[in-house]
Amino acid sequence: MNKDLTQGKPEKVLWNFCLPLFGSIIFQQLYNIADSLIAGKFVGENALAAVGNSYEITLIFIAFAFGCNIGCSVIVSGYFGAKEYHHARTAVHTTLISGGILCAFLMLVGFAGCSGLLELIHTPEEIMADSRLYLMIYIAGLPFLFFYNIATGIFSALGDSRTPFFFLSCSSTANIVMDYVFVKYLQMGVSGVAWATFICQGISCVLAMIVVFRHLKALKAEKKAEVFSTHIFKQICVVAVPSILQQSFISIGNIVIQSLINGFGPAVIAGYAAAIKLNNLVITSFTTLGNGISNYTAQNLGAGKYDRIHSGFKAGLKLVWILCIPIILIYITFGKGLVFLFMDNAEGPAINTGILILRILAPFYLVVSAKLVADGVLRGASLMKQFMTATFTDLILRVLLADLLSRLLGATGIWSAWPIGWLIGTAVSLFFYNRQVKRKSLNRTT
C-alpha cells in the first residue's frame, strides 16, 4: 500500500514507516548470521572463518546494490511527494535498466577476479578453497540481490515499509531452515549455506518485482512514463554514485581491516567473523532506519513541507536511541552466549576475541546511531558532498587507526579504532545537519 509521508504527525508517521523497515533488516541480516552460525556449528571453525572472510568482499557488491536502492528511492520519493507520478514511474524504469547493466558488469568482474581478491586480503591457505566456493555462488546470485534491493527502494519511496517486511520475514525463515538441512543433513558444507541464500533470495526477488509493478499501476499518471530518461538517470546518479562510493569505500576499508585480522590466524578470524555479524546486525539496521528518514525527507522536500524535516530528525533520533539501549545491554551482558552461537567450543582465542569486540563496540552504538540519522536527512536532502565528507572522515580514521593501533596493541588495537572513527564522524555529520538542514528548515518556517 502506497503511503504519503507528508501528512500526519511527523513522529507517528516516521515511526509507523520505519519500524517495519527495522524489522525487515533484522530478518535480512539473519541471512548472513545463519550462514556463519550454521557453518561454525556444523562444519567447524575454519568454515566460519571462510564465510566471514568472503563476507567482507560480498559487501562491495552489496554497496552497488544499495546505491541503486537509495538512488531510486530518494528520487522516486521526491516525485511521489510532488505527485508527479509519471516521473516516478520513469525513475523506476530507468533504475531497473541501468541497475541490470551494472549488475552484469559486476558479475563478469567478480567471476574473473574472485581468486585475486581473496589472495589480496591474505586469505590463509586452509580456508582459501571454501572462501572461493562461497564467493562464486554468491556472485552467481547478484541479479537477485540487485533487483530485490531496487524493489525495496521503490516500496520505501512509495511509503510502503510493510511489504518488504513480509518478504524478508518469510525468506529469512526459509533460509535458516534450508541452511540447516543443506549443511547438517545433506552434508554440503560451506556451499550449502551459499546455495540456501541463493535460492531464498531468488524467490523473494521475483515475488517482490511482481508486487512492485502492481504498486506502479496504482499510480494514475497524466502522462505515459518513459522507458528510460537521461535526465532522471543523472538525478539518480547524483544520489546513487556517492552512496555507492560510500559503501564501496567502507567495504574496501573493511577488506583492509580484514587483511590485518588475517595476520593473526584463523582463530581470531573466526572470532571476528562472529562478532562482526552481530555488530553489522545493529549498524545495518540503523542504516536502514536512516534510509527511511531519507525517504521521509525527500517526500517532504518534494511537497515543499520543509518544517517537517527537523521534526522527523528528532523523531528518528528518539527511535534509534530507544532501540539502542536494550541492544547495548544484551551485547555486554550476554556477549559470550551470543558469540558461542557461532562456535562449537565455549573457550579459546576465537570466542574471547568475539566477546572483546562486542564489549568495545556496543557502548558506542548510541553515538553511531545519531550519525546514521543525520546522514539519512543529508542524503534525503541530496546534500551528498556533506554526506560523503562525514562518511570518509569516519572510514579513513578507522582504517588508519586500525593499522597503527594493531602494531601497538595487537588485534585489540583494531577493534579500538571503531569508536574513535564513530565519534569524530558523528560530530561531522551533526555539524553539517545543523548548518545545512536544521537552519534552512527553521528559516523556512519563520
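Residues numbered from 1 in each chain as written. Predicted model: local features only at pLDDT ≥ 70, side-chain atom pairs only at ≥ 80, totals over all residues. Heavy atoms only, no water.

**Here we look at unusual backbone geometry**
Working note: non-glycine residues mostly have negative phi, and peptide bonds are mostly trans.
Now for step 1: With a phi close to 55°, Gln187 is a non-glycine residue in the positive phi region.
Now for step 2: Among the secondary structure elements, Gln187 is positioned in the loop between α6 (162-185) and α7 (190-217). (Helix = DSSP H or I, 4+ residues; strand = E, 2+ residues; numbered from the N terminus.)

**Regarding a nonpolar patch on the surface**
Now for step 1: The grouping of Phe42, Val43, Val177, Tyr180, Val181, Tyr185 and Leu186 at the surface amounts to a nonpolar patch, some 620 Å² of accessible area in total.
Now for step 2: Sorting elements by how many residues they give to the nonpolar patch places α6 first, with four residues.
Now for step 3: In this fold, Val181 is placed in helix α6.
Now for step 4: The class for Val181 is partly exposed, based on a relative accessible area of 33%. (Patch = residues over 30% accessible without salt bridge, like charges linked within 9 Å, V, L, I, M, F, W, Y side chains within 5 Å. Areas by Shrake-Rupley, 256 points an atom, 1.4 Å probe, with all protein chains shown as cover. Salt bridge = Lys/Arg side-chain N within 4 Å of Asp/Glu carboxyl O. Buried < 20%, exposed > 50% of the residue type's maximum accessible area, 1.4 Å probe, protein only.)

**With respect to the pattern of salt bridges**
Now for step 1: The tally for this structure, following the rule as stated, stands at four salt bridges.
Now for step 2: Put simply, Asp403 and Arg407 hold a salt bridge, and the shortest N to O gap is 3.1 Å. Residue Asp403 and its partner Arg407 are located together in helix α14 (residues 384-409), separated by four residues, close to a single helical turn.
Now for step 3: Since its relative accessible area comes to 29%, Asp403 is described here as partly exposed.

**Quick notes on the packing of helix α9 (residues 266-302) against helix α10 (residues 307-333)**
Now for step 1: Two elements in contact, α9 and α10, have axes separated by 10 Å at closest approach and are oriented at 170°. Relative to α10, the element α9 is oriented roughly antiparallel. Residues Leu278, Asn279, Leu281, Val282, Phe286, Leu289, Ile293, Tyr296, Thr297, Asn300 and Leu301 of α9 lie in contact with α10, whose contacting residues are Arg308, Ile309, Gly312, Gly316, Leu319, Val320, Leu323, Cys324, Ile327 and Tyr331.
Now for step 2: For the contact of α9 with α10, a count of residues per class yields 15 nonpolar, five polar and one charged. (Axes fitted to C-alpha atoms, helices over the stretch in contact; angles between N-to-C directions. Parallel < 35°, antiparallel > 145°, perpendicular 65-115°, else oblique. Contact = heavy atoms within 4.5 Å. Nonpolar A, V, L, I, M, F, W, Y, C, P; charged D, E, K, R; others polar.)

**Regarding α6**
Each turn of an α-helix holds 3.6 residues, which means side chains three or four residues apart point in the same direction.
Now for step 1: Taking 1.5 Å per residue, 24 residues should reach 34 Å; α6 reaches 34 Å between its end C-alpha atoms and fits that length.
Now for step 2: For α6, the full list of buried residues reads Thr163, Pro164, Phe167, Leu168, Ser169, Ser171, Ser172, Asn175, Asp179, Phe182 and Val183.
Now for step 3: The first or second residue beyond α6 is Gln187, which carries a positive phi of 55°. (Expected span 1.5 Å × (residues − 1).)

**Points about the packing of helix α8 (residues 230-262) against α14**
Now for step 1: Packing of α8 against α14 leaves a shortest axis separation of 10 Å and a crossing angle of 5°. By the angle between their directions, the pair α8 and α14 is classed as roughly parallel.
Now for step 2: Across the contact of α8 with α14, the residue classes tally to 16 nonpolar, five polar and two charged.

**A short note on the packing of aromatic side chains**
Now for step 1: Counting across every chain of the model gives twelve aromatic pairs.
Now for step 2: With centroids separated by 5.4 Å and ring planes inclined at 75°, the aromatic side chains of Phe144 and Phe198 adopt a geometry described as edge-to-face. A residue pair is termed long-range when its members are at least 10 positions apart, and Phe144 in helix α5 (residues 142-157) and Phe198 in helix α7 qualify at 54 residues.
Now for step 3: The class for Phe144 is partly exposed, based on a relative accessible area of 25%.
Now for step 4: Where Tyr180 meets Tyr185, the ring centres are 5.6 Å apart and the plane angle is 75°; that geometry is what we call edge-to-face.
Now for step 5: The exposure class of Tyr180 is partly exposed, given its relative accessible area of 31%.
Now for step 6: Under the relative-accessibility criterion, Tyr185 is labelled exposed at 54%.
Now for step 7: Members of the aromatic cluster, connected to one another through ring pairs, are Phe144, Trp195 and Phe198. (Phe/Tyr/Trp six-rings, centres within 6.5 Å; stacked < 30°, edge-to-face > 60°.)

**Describing the confidence of the model for the protein chain**
Now for step 1: On average, residues of the protein chain score 85 in pLDDT, and 96% of them reach the 70 mark or higher.
Now for step 2: Put simply, helix α1 (residues 10-42) is where the protein chain has its lowest mean pLDDT, 76, and helix α12 (residues 349-361) is where it has its highest, 92.
Now for step 3: Low pLDDT, under 50, characterises residues 441-446; the predicted model gives this stretch six contacts beyond four residues in sequence or across chains. (pLDDT = per-residue confidence, 0-100.)

**Some words on the side chain of Ser369**
Now for step 1: Along the polypeptide, Ser369 turns up in helix α13 (residues 365-380).
Now for step 2: A distance of 3.1 Å separates a polar side-chain atom of Ser369 from the backbone oxygen of Leu366.
Now for step 3: Ignoring sequence-local partners within four residues, the contact set of Ser369 consists of Phe286, Val320, Trp321 and Cys324. (Polar contact = N/O pair within 3.5 Å; in protein donor to acceptor, adjacent residues only side chain to side chain.)

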